[in-house]
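Summary of structural features
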Amino acid sequence: MSRRIVAEFPFVERFDEVAAGLPGAGLDWLDALRRDSLDAFNRVALPSTRVEAWKYTNLKDLAKTPFDIAASPEGDPPFDLDGIHAGGSGAGRRLVFVNGRFDAGRSRTGPPSEGLAVLSLGEALRSRARIVRPHIERLSSLEDEALLALNTAFMMDGCVIVAGDGVTIDLPVETVFVNDARSPTSVHPRNLVVAGAGSRIALTETHVGAGPSEYWSNPVTEIVVAASASVVHRKIQRESRRAYHLANTRVTLAERGTYRAFLMSVGAGLSRCEIDATLEGEGADCRLDGAYLARDRQHTDITTRVTHAGSGGSSRQAFRGVLDGRSRGVFQGRVSVRPDAQRTDGHQLNKTLLLSNDAEIDTKPELEIYADDVKCSHGATAGHLDELELLYLRSRGLGAEEARRVLIRAFVAEAVESVEDGPFRDRLDAEIDDWLSREPPADAEAGA
Amino acid sequence: MLEIRDLHVRVDEREVLKGIDLTIARGEVHAVMGPNGSGKSTLAYALAGRDGYEVTGGTVRYRGADLLALSIEERAREGLFLAFQYPVEIPGVAGTTFLRAAVNARRRHRGERELDAMQFVKFVREKQAELNIPDDMLKRPVNVGFSGGEKKRNEVFQMALLEPTFAVLDETDSGLDIDALKMVANGVNALREPARSMLVITHYQRLLDYIVPDRVHVLAHGRIVKSGGRELALELEREGYGALTAAEAA
């Protein structure tokens, strides 16, 4: 078996035609970058499960699907977009993208504000290319990663936030990515967040999908955290069950920069959310938390790479998952500590609740430590609902189903507890309740 | 109230109860005493309906109906209450949330209106004082980080809230110092009434100084080997289980 999967996607074959309609078409530097990235993708190709980082997530079904590029939506997307807001009054800035295209009518980019730009990538490429270009070029040249290269070759609209030094955004910027797929199509949203020194930014990403067809969402989000800046980044992945969601988030932190992420992965047939954070400066602080809920044959993969390059940095990761049916979860967490990163403090924890005997979790912590004055730990657990806890609840009159839900809810709640923003936590709670309410009765599962 | 006839229970392929006969009338408090491994907790779990406690023979009539035909929660809603020897810690579930769900499950079953959060706080308030249950204990996750005494008080507190018809107290005295024991016993005694029966399971007669039973039964090797009045407990205290269990084995 090869390390690569060669795929012939119609949209890749039609690159010239497709690229002419993408944001920034006609900008020489971007046209060249797209073409170089296409070459890189064709050279590297999709990874097979022979590649260690992809051992548990198989892209062969994706590779067999004749994906084209997503078309403009026909009519209104089948969603109540007002129901999706990052919290508070829903009065903050909101950018909506439908099938990879910025939907100005449903968006609120807010009044212009000193030192702050919140806009679509298409607009940023027109009016702020000088700021955007170095970041996009730098990230794209970093490594031979097929999905990143493909995103760069076909990058579609996304959200750009540029905050000047010391700027604070009070309400989180909401970004909503809506997919309405009538035939096998792909979207490649590209987001960029640049947080100037001492600035404070929060953004929320929501990915939703519908439509009769499978589709593939391949978003890339680059986040640059300058000295003493703080970025809070929350994401809810609730794609249609026919979707492939393969997301890459790349974060760099300068000295004393902080990055807090919360990821809830509940949708898609196959999803992989990769978060790569590099703590470049001294005393940077990175916290990655999340929850994954899957059932039936869903596959959900969370892969994190935290690199401590500067000294005195700290990182914390805590992910909890609930797997039912024949679903499969993957948690791969790598923490690398470079030789200069003394006094690093890194912790990682993954806990999974398995609701059926056919569900599976593959959890793989990796610590690579090249400095000597370091505190690092990792832990992983996987287990079933506790028989005594169920007995205790039922012996007080709670029905078997209710007892089960109470315990599942409690297990996930511990992951959600770290979220300080009340309104967003309410959204997470609603997602969990929604997931639980769709749970099939226990007696439908043999041997339960 | 409760009529156990020739009850055989198997746990992990091993027959633990080998034919129990026990009748507890309305309003009576019976004590079951016995050495470790005699089957006391098995009897408690079998009555509660725990999975893996397989009834291989015999019957249990509860208020005239077949108790063994009911699920765990149906038994609870019908007024059976088990105070656990080892109350279970439930991380992530706040005490009040749990108690309200329990109280409302019982109320629904009786056709009564459910209590909302405000009504529940009022309902709980009076019972809290009696058993010295501070608000903080109700906000914390169920039993998590509770001391031994707090856990046992919490069991009796739940019993007070759920107002059972038949309560099984499984070694409610174990691990308690004398002050905690008195508090728990007072809580239990306050719940004694003509319409409520209790089965008090204990290893030591000490508890029975405070919760005075109508009848005492000695359980050994899965059978009741002797029954008597209150004085039987005192006899056991003096002579130990040795004589009785040896007599049984002989």
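Residues numbered from 1 in each chain as written. Chains lettered and ligands numbered in written order. Predicted model: local features only at pLDDT ≥ 70, side-chain atom pairs only at ≥ 80, totals over all residues. Heavy atoms only, no water.

**Examining the overall build of chain A**
Within chain A, the regular secondary structure consists of ten helices and 24 strands. When the backbone C-alpha atoms are referred to their principal axes, chain A occupies close to 70 × 50 × 50 Å. Of all 448 residues assigned to chain A, the portion counted as buried reaches 59%. In chain A, of all internal contacts separated by at least 6 residues, the share reaching a separation of at least 24 is 84%. If you sum the accessible surface of chain A, you get close to 17,100 Å²; carbon and sulfur atoms cover 47% of it. Both charge centroids of chain A, one from 54 positive and one from 67 negative side chains, sit 1 Å from each other. (Helix = DSSP H or I, 4+ residues; strand = E, 2+ residues; numbered from the N terminus. Buried < 20%, exposed > 50% of the residue type's maximum accessible area, 1.4 Å probe, protein only. Contact = heavy atoms within 4.5 Å. Areas by Shrake-Rupley, 256 points an atom, 1.4 Å probe, with all protein chains shown as cover. Lys, Arg positive; Asp, Glu negative; His and termini not counted. Charge placed at Lys NZ, Arg CZ, Asp CG, Glu CD.)

**Digging into the environment of Pro66 of chain A**
All names here are of chain A. One can find Pro66 in the loop between α4 (60-64) and β3 (68-69). For the pair Pro66 and Thr185, spaced 119 residues apart in sequence, the C-alpha separation works out to 8.0 Å. For Pro66, the contacting residues outside a window of four places in its chain are Pro10 and Pro184.

**Notes on the packing of aromatic side chains**
Residue and element names in this part refer to chain A. On inspection of all chains with the given rule, the structure shows 17 aromatic pairs over all chains. Seen from their ring centres, Phe319 and Phe331 are 5.2 Å apart, and the 40° between their planes marks the pair as tilted. Of this pair, Phe319 sits in strand β20 (residues 314-323) while Phe331 is found in strand β21 (residues 328-337), placing the two residues twelve residues apart along the sequence. Of the two residues, Phe319 and Phe331, both sit in the buried class. (Phe/Tyr/Trp six-rings, centres within 6.5 Å; stacked < 30°, edge-to-face > 60°.)

**Regarding the pattern of salt bridges**
Under the criterion given, the structure shown has 49 salt bridges over all chains. Notably, a salt bridge pairs Glu274 of chain A with Arg272 of chain A, separated by 3.1 Å at the nearest N-O pair. Residues Glu274 of chain A and Arg272 of chain A agree in their burial class; the two are buried. When the shortest N-O distance is used, the salt bridge between Lys127 of chain B and Glu163 of chain B registers 3.6 Å. Taken together, the positions of Lys127 of chain B in helix α4 (residues 117-130) and Glu163 of chain B in the loop between α6 (148-162) and β9 (166-170) put the pair 36 residues apart, joining distant regions of the chain. (Salt bridge = Lys/Arg side-chain N within 4 Å of Asp/Glu carboxyl O.)

**Comments concerning the sheet that holds strand β12 (residues 223-228) of chain B**
Sheet strands pair via backbone hydrogen bonds, and the direction of the pair is either parallel or antiparallel. Residues and elements named next belong to chain B. If you trace the six strands from one edge of the open sheet to the other, you get β6-β9-β10-β3-β11-β12, paired in mixed fashion. Edge positions in the open sheet fall to β6 (80-83) and β12, since each of these has one partner strand only. Put simply, the sheet's adjacent strands are angled 20° from each other on average, direction ignored. Of the strand pairs in this sheet, strand β11 (residues 215-220) and β12 are connected by five bridges, and their pairing is antiparallel. For Leu219, the partnering residue across the bridge sits in β12 and is Ile224. Strand contacts of α6: β6, β9 and β10 (197-202), with the helix running at about 170° to β6, the strand carrying the most contacts. (Pairing = 2+ DSSP bridges. Axes fitted to C-alpha atoms, helices over the stretch in contact; angles between N-to-C directions.)

**With respect to the interface of chain A and chain B**
In this assembly, 18 residues from chain A lie in contact with 30 residues from chain B. Taken together, both faces of the contact between chain A and chain B bury some 2,000 Å²; the carbon and sulfur share is 63%. Ranking the residues of chain A by area buried against chain B places Tyr392, Arg394 and Arg396 of chain A at the top, with a combined share of 37%. Counting across the interface, chain A meets chain B through four salt bridges. With a closest N to O distance of 2.9 Å, Glu387 of chain A and Arg50 of chain B form a salt bridge. Our enumeration of links across chain A and chain B arrives at ten residue pairs in polar contact (both at pLDDT 80 or more). (Buried area = accessible area lost by both parts, 1.4 Å probe. Polar contact = N/O pair within 3.5 Å; in protein donor to acceptor, adjacent residues only side chain to side chain.)

**Looking at unusual backbone geometry**
Positive phi outside glycine occurs at Ser228 of chain A, with the angle close to 60°. Along the polypeptide, Ser228 of chain A turns up in the loop between β13 (220-225) and β14 (230-238). Even without being a glycine, Asn143 of chain B presents a positive backbone phi close to 65°. Locating Asn143 of chain B in the fold gives a position in the loop between β8 (141-142) and α6.

**Let's talk about the side chain of Ser271 of chain A**
Residue and element names in this part refer to chain A. Inspection of the secondary structure assignment puts Ser271 in strand β17 (residues 270-279). Exposure remark for Ser271: the relative accessible area of 0% places this residue in the buried category. For Ser271, the side chain forms a polar contact with the side chain of Ser265, separated by 3.5 Å. Separated by 3.5 Å, the side chains of Ser271 and Thr300 make a polar contact. Setting aside anything within four residues of it in sequence, one finds Ser271 in contact with Gln237, His245, Ser265, His299, Thr300 and Asp301.

**Regarding the nonpolar core**
Judged by nonpolar contacts, the single largest core of 107 residues is most densely connected at Val322 of chain A together with Ile4, Leu47, Val168 and Leu199 of chain B. With eight residues, helix α9 (residues 400-416) of chain A is the largest single contributor of residues to this core. For Ile4 of chain B, the residues in contact, after removing those within four places along its chain, are Ile20, Asp21, Leu22, Leu43, Leu47, Thr59 and Val60 of chain B. (Core = buried A, V, L, I, M, F, W, Y, C linked by side-chain atoms within 4.5 Å.)

**Quick look at the environment of Ile361 of chain A**
Residues and elements named next belong to chain A. Residue placement: Ile361 occurs in strand β23 (residues 360-369). Given a relative accessible area of 16%, Ile361 falls into the buried group. As for Ile361 and Pro66, which are separated by 295 residues in sequence, their C-alpha atoms are 29 Å apart. Every residue in contact with Ile361, bar those within four places of it in the chain, is listed here: Tyr292, Leu323, Gly329, Val330, Phe331, Asn350, Thr352, Leu354 and Ala382.

**A word on the confidence of the model for chain A**
Note: predicted coordinates in regions of low pLDDT should not be interpreted at a detailed level. Model confidence for chain A is summarised by a mean pLDDT of 92, while 94% of its residues fall at 70 or above. pLDDT under 50 marks residues 442-448 of chain A. Its contacts with residues more than four places away, or in other chains, come to eight contacts. (pLDDT = per-residue confidence, 0-100.)

**A closer look at the packing of α6 of chain B against helix α7 (residues 178-190) of chain B**
All names here are of chain B. Axis separation between α6 and α7 bottoms out at 10 Å; the angle between their running directions is 5°. Accordingly, the angle class assigned to the pair α6 and α7 is roughly parallel. Along the contact surface, α6 presents Lys152, Arg153 and Val156, while α7 presents Met183, Val184, Gly187 and Val188. The class makeup of the residues in the contact of α6 with α7 is four nonpolar, one polar and two charged. (Parallel < 35°, antiparallel > 145°, perpendicular 65-115°, else oblique. Nonpolar A, V, L, I, M, F, W, Y, C, P; charged D, E, K, R; others polar.)

**Some thoughts on the side chain of Glu150 of chain B**
Residues and elements named next belong to chain B. Position of Glu150 relative to the elements: it lies in helix α6. In this structure, Glu150 is buried with no salt-bridge partner, the nearest side chain bearing the opposite charge being Arg140 at 4.1 Å. Discounting chain neighbours no more than four positions away, the residues touching Glu150 are Met137, Arg140 and Gly145.

**What to know about the packing of helix α8 (residues 387-394) of chain A against α9 of chain A**
Think of two packed helices as two axes; the pair is described by the angle between the axes and how far apart they sit. All names here are of chain A. Contact pair α8 / α9: the axes reach a minimum separation of 9 Å and the direction vectors enclose 125°. Compared by their axis directions, α8 and α9 come out oblique. At the point where α8 passes α9, the crossing takes the right-handed sense. Contacts from Glu389, Leu390, Leu393 and Arg394 in α8 reach Ala400, Ala403, Arg404, Val406 and Leu407 in α9. (Left-handed = near helix turned anticlockwise from the far one by under 90°.)

**A word on the pairing of β9 of chain B**
All names here are of chain B. By the criterion of burial, β9 is predominantly enclosed, with five of the five residues buried. Side chains Phe166, Val168 and Asp170 of β9 all project onto a buried face; the interleaved residues Ala167 and Leu169 project onto the opposite face, where all are buried too. Relative to β9, β6 is paired through four bridges, and the arrangement is parallel. Opposite Ala83, over in β9, you have Leu169 as the bridge partner.

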